[in-house]
Amino acid sequence: MMDFRRGRKREEPEINLIPFIDVLLVVLIFLMVSTTYSKFTELQITLPTAEAEKQAEKPFEINVTVDAKGNYTVNNTPVAFTSVAGLAQDMKNAARTPEGQVVASPVIIVNADQFAMHQMVINVLEAARVAGYDKLTFAAQTGAAK
């Protein structure tokens, strides 16, 4: 027979934590006994390094200047422009070191006045091609025309 009366107080379930604590202590003791611990005084870390390729020496440069009046200079020496081949020969002559050795691939620096005619710069580029020089860089002068 079932008792359906109201007001009867149910008993709260009881949770016994003592066996749970016993199991935890046994696992903890097992871990303490079976695990070996070592103390590191320092960690050995190999950090990455980077090194750039060092350039042995400054490249040989030939400065070709073109001014607004139509004058060419090669390494601060005035050159009379007669033809592209003549300018190429002047560049080849400037490609000699003080010891007399010919530099195979110098850097040609074209330094043109902002008022210089474009054809004059084209002449320098063509002369560099005829001379066999393929390393070119440009600089611009922004001074007033004289």
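This text goes with the structure placed above it.
A brief report on the enclosed structure follows. Each chain has its residues counted from 1, running along the sequence as written. In keeping with the model being predicted, local features are shown solely for residues with a pLDDT of at least 70 and side-chain atom pairs are shown and tallied solely at 80 or more, while totals for entire chains, interfaces and linings include all residues. Computation of side-chain values: all heavy atoms of the structure, hydrogens and water removed.

### Focus on the pairing of strand β4 (residues 107–113)
β4 sits mainly inside the fold: six of its seven residues count as buried. Sheet topology places strand β1 (residues 61–66) next to β4; six bridges connect them, and they run parallel. Across the sheet, Ile-62 pairs through a bridge with Ile-108, a residue of β4. Note on exposure labels: buried denotes an accessible area under 20% of the residue type's maximum, exposed denotes more than 50%, and partly exposed covers the range between, all computed with a 1.4 Å probe on protein chains only. By definition, any uninterrupted DSSP run of H or I lasting at least four residues is a helix, any uninterrupted run of E lasting at least two residues is a strand, and each is numbered from the N terminus. Pairing between strands is defined by DSSP: at least two bridges between them are needed.

### Examining the environment of Val-66
The topology assignment puts Val-66 in strand β1. Owing to a relative accessible area of 0%, Val-66 belongs among the buried residues under this scheme. Sequence separation between Val-66 and Asn-111 is 45 residues, and the spatial gap between their C-alpha atoms is 6.3 Å. Any two residues having at least one pair of non-hydrogen atoms within 4.5 Å are treated as being in contact. Residue contacts for Val-66: discarding those within four places in its chain leaves Asn-71, Tyr-72, Asn-111, Ala-112, Asp-113, Ala-116, Met-120 and Val-124.

### Here we look at helix α2 (residues 84–94)
Along an α-helix, a turn takes 3.6 residues, which lines up residues three or four apart on a common side. Among the residues of α2, Leu-87, Ala-88, Met-91 and Ala-94 are the ones counted as buried. What you see down the axis of α2 is that its buried residues fit within an arc of 120°, all on one side. To obtain the arc, one takes the directions from the helix axis to the C-beta atoms.

### Comments concerning unusual backbone geometry
Despite not being glycine, Asn-75 has its phi angle at roughly 50°, a positive value. Within the element layout of this structure, Asn-75 appears in the loop between β2 (72–74) and β3 (77–79). The backbone phi angle of Asn-76 is positive, close to 65°, even though this residue is not glycine.

### Things to note about the packing of α2 against helix α3 (residues 118–131)
Relative to each other, α2 and α3 sit at 65°, their axes nearing to 8 Å. The crossing of α2 and α3 is right-handed. Only Asn-123, Val-124, Glu-126, Ala-127, Ala-128, Val-130 and Ala-131 of α3 make contact with α2, whose side of the interface consists of Val-84, Leu-87, Ala-88, Met-91 and Lys-92. Polarity classes work like this: nonpolar for Ala, Val, Leu, Ile, Met, Phe, Trp, Tyr, Cys and Pro, charged for Asp, Glu, Lys and Arg, and polar for all others, with Gly in that last group. Per-class residue counts for the contact of α2 with α3 are nine nonpolar, one polar and two charged. What counts as an axis is a line fitted to C-alpha atoms, over the stretch in contact for a helix, and the angles between N-to-C directions run from 0 to 180 degrees. Less than a right angle of anticlockwise turn of the near helix away from the far helix marks a crossing as left-handed, whereas a clockwise turn marks it as right-handed.

### Structural notes on the nonpolar core
Ile-62, Met-91 and Val-124 are the most contacted members of the largest nonpolar core, which totals 22 residues. Every element with two or more residues in this core is listed here: β1, β2, α2, β4 and α3. The element contributing the most residues to this core is α3, with six residues. Those residues in contact with Val-124 that lie beyond four places of it in its chain are Val-64, Val-66, Tyr-72, Leu-87, Met-91 and Val-110. Throughout, nonpolar core names a set of buried Ala, Val, Leu, Ile, Met, Phe, Trp, Tyr and Cys residues whose side chains join them through atoms within 4.5 Å.

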